[in-house]
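Spelled out from the first residue to the last, the chains are:
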Amino acid sequence: MLIVLSVGGSILAKELNPDSFKGYADALKELAKEHNIVIVTGGGAAARDYINVARSTGANEVECDYLGIDITRLNAKLLISALGDAAYPEPPKDYKEAQDKLSSGKILVMGGVIPGQTTDAVAAILTEYLGAKLLVIATAVDGVYSADPRKDPKAIKYEKMTAKELVNTVMVTEMKAGSKSPVDPLAAKIIERCNIETIVMDGSNPQDVLKVIRDESKKTEDKKDVYLGTRIIN
């Protein structure tokens, strides 16, 4: 089964701890024994820091996007390094290249692609383009909430929701380089348009991500619950 995994920079590259990259590499190598995997890495705090400085010095949003893309690709290269021979040695720079490299049989790791698209949106587009069966968005929160749970203690977590409900929930997010959201509006619209089976979950522990994907791939009955996250249904 072909699976696309979007790993937020806020969990993968937090403080640039090598153990984080090694932990994900170990989980991904286990997963690759059973499935074909494409990973899209986010930029995290480092990308936001660079973007904020660039914006303060007069850079426009497209220039900031390009800067963020560079950081996501650096994170991709660090994960490739941790994966060793299990990974394709270079991050694909666009969707067509990712499709071409699938035949290598290696784990593909890539970052951003073009300005205006977050890495979640890249992952959603890849899922449709490559014909993947599942999109998993591993982020720093344990699912989609009615509001930011870090700011609103009354925020309600959704165990499951429709793609349309996801779009309505995240549409208030600012579409600027470095914006924070469990799923950004563009990614949500792509998920809705393409009827992509999606799980948004806490990816702090890569073994949890491994368990979720294994559980999902083995299920044959109607899916009613989700472990450690929010299921997006269509």
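Heads up: the structure comes first, above all this text.
Here we summarise the structure given alongside this text.

Parameters at a glance
- Residues numbered from 1 in each chain as written.
- Predicted model: local features only at pLDDT ≥ 70, side-chain atom pairs only at ≥ 80, totals over all residues.
- Heavy atoms only, no water.
- Salt bridge = Lys/Arg side-chain N within 4 Å of Asp/Glu carboxyl O.
- Helix = DSSP H or I, 4+ residues; strand = E, 2+ residues; numbered from the N terminus.
- Buried < 20%, exposed > 50% of the residue type's maximum accessible area, 1.4 Å probe, protein only.
- Pairing = 2+ DSSP bridges.
- Axes fitted to C-alpha atoms, helices over the stretch in contact; angles between N-to-C directions.
- Expected span 1.5 Å × (residues − 1).
- Arc of directions from axis to C-beta.
- Contact = heavy atoms within 4.5 Å.
- Polar contact = N/O pair within 3.5 Å; in protein donor to acceptor, adjacent residues only side chain to side chain.
- Parallel < 35°, antiparallel > 145°, perpendicular 65-115°, else oblique.
- Left-handed = near helix turned anticlockwise from the far one by under 90°.
- Nonpolar A, V, L, I, M, F, W, Y, C, P; charged D, E, K, R; others polar.
- Core = buried A, V, L, I, M, F, W, Y, C linked by side-chain atoms within 4.5 Å.

**Let's talk about the pattern of salt bridges**
Turning to step 1, where the next piece is worked out: Scanning the entire structure with this criterion turns up 9 salt bridges.
Turning to step 2, where the next piece is worked out: The salt bridge involving Arg214 is made with Glu30; its shortest N-O contact spans 3.6 Å. One end of the pair, Arg214, is in helix H9 (residues 206–218); the other, Glu30, is in helix H2 (residues 18–31), and 184 residues separate them in sequence.
Turning to step 3, where the next piece is worked out: Residue Glu30 is classed as partly exposed on the basis of its relative accessible area, which comes to 31%.
Turning to step 4, where the next piece is worked out: Between Asp100 and Lys96 there is a salt bridge whose closest N-O contact spans 3.1 Å. Taken together, the residues span about one helical turn, with Asp100 and Lys96 both in helix H5 (residues 95–101) at a distance of 4 residues.

**Thoughts on the sheet that holds strand E4 (residues 134–139)**
Turning to step 1, where the next piece is worked out: Pairing is mixed across the open sheet formed by 7 strands, whose spatial order is E3-E2-E1-E4-E8-E9-E7. The sheet is open, and its two borders are formed by strand E3 (108–110) and strand E7 (160–162), each paired with just one other strand. Along the sheet, successive strands turn relative to each other by an average axial angle of 20°, direction set aside.
Turning to step 2, where the next piece is worked out: Note: strand E2 (residues 36–41) against E3, 3 bridges, orientation parallel. Within E3, the position partnered with Ile39 by the bridge is Val109.

**Examining H9**
Think of an α-helix as turning once every 3.6 residues; residues three or four places apart then point the same way.
Turning to step 1, where the next piece is worked out: Look at H9: 19 Å from first C-alpha to last across 13 residues, which is about the 18 Å you get at 1.5 Å a residue.
Turning to step 2, where the next piece is worked out: Of all the residues in H9, the buried ones are Pro206, Val209, Leu210, Val212, Ile213 and Glu216. For H9, the angular spread of the buried residues around the axis is 165°, confining them to a single face.
Turning to step 3, where the next piece is worked out: For H9, the secondary structure elements touched by its buried residues are strand E1 (2–7), H2, E4, strand E8 (198–202) and strand E9 (229–233).
Turning to step 4, where the next piece is worked out: For H9, the N-terminal cap is Asn205; the gap from its side-chain oxygen to the backbone nitrogen of Gln207 is 2.9 Å.

**Structural notes on the packing of H2 against H9**
Turning to step 1, where the next piece is worked out: Contact geometry of H2 with H9 gives a least axis separation of 8 Å together with a crossing angle of 20°. When the axes of H2 and H9 are compared, the pair comes out roughly parallel. Two packed elements cross with a definite hand, and for H2 against H9 that hand is right-handed. When H2 is examined against H9, the residues Gly23, Tyr24, Ala27, Glu30 and Leu31 are found in contact with a partner set consisting of Pro206, Gln207, Val209, Leu210, Ile213 and Arg214.
Turning to step 2, where the next piece is worked out: Residue classes in the contact of H2 with H9 are distributed as 7 nonpolar, 2 polar and 2 charged.

**Describing the environment of Ala123**
Turning to step 1, where the next piece is worked out: Here Ala123 is to be found in helix H6 (residues 119–130).
Turning to step 2, where the next piece is worked out: What makes Ala123 buried here is its relative accessible area of 0%.
Turning to step 3, where the next piece is worked out: The spatial distance from the C-alpha of Ala123 to the C-alpha of Ala187 is 8.0 Å, given a sequence separation of 64 residues.
Turning to step 4, where the next piece is worked out: Apart from residues lying up to four places away in sequence, Ala123 is in contact with Val4, Ser6, Val40 and Leu135.

**Notes on the nonpolar core**
Turning to step 1, where the next piece is worked out: Formed by 35 residues in total, the largest nonpolar core has its most connected members in Leu126, Leu135, Leu166, Val183 and Ile191.
Turning to step 2, where the next piece is worked out: Mapped by element, the contributors of at least two residues to this core are E1, E2, H5, E3, H6, E4, helix H7 (163–170) and helix H8 (185–194).
Turning to step 3, where the next piece is worked out: A total of 7 residues in this core trace back to one element, the largest contributor, which is H6.
Turning to step 4, where the next piece is worked out: Ignoring sequence-local partners within four residues, the contact set of Ile191 consists of Ala124, Leu135, Ile137, Ala163, Leu166, Val183, Ile196, Thr198, Ile232 and Asn234.

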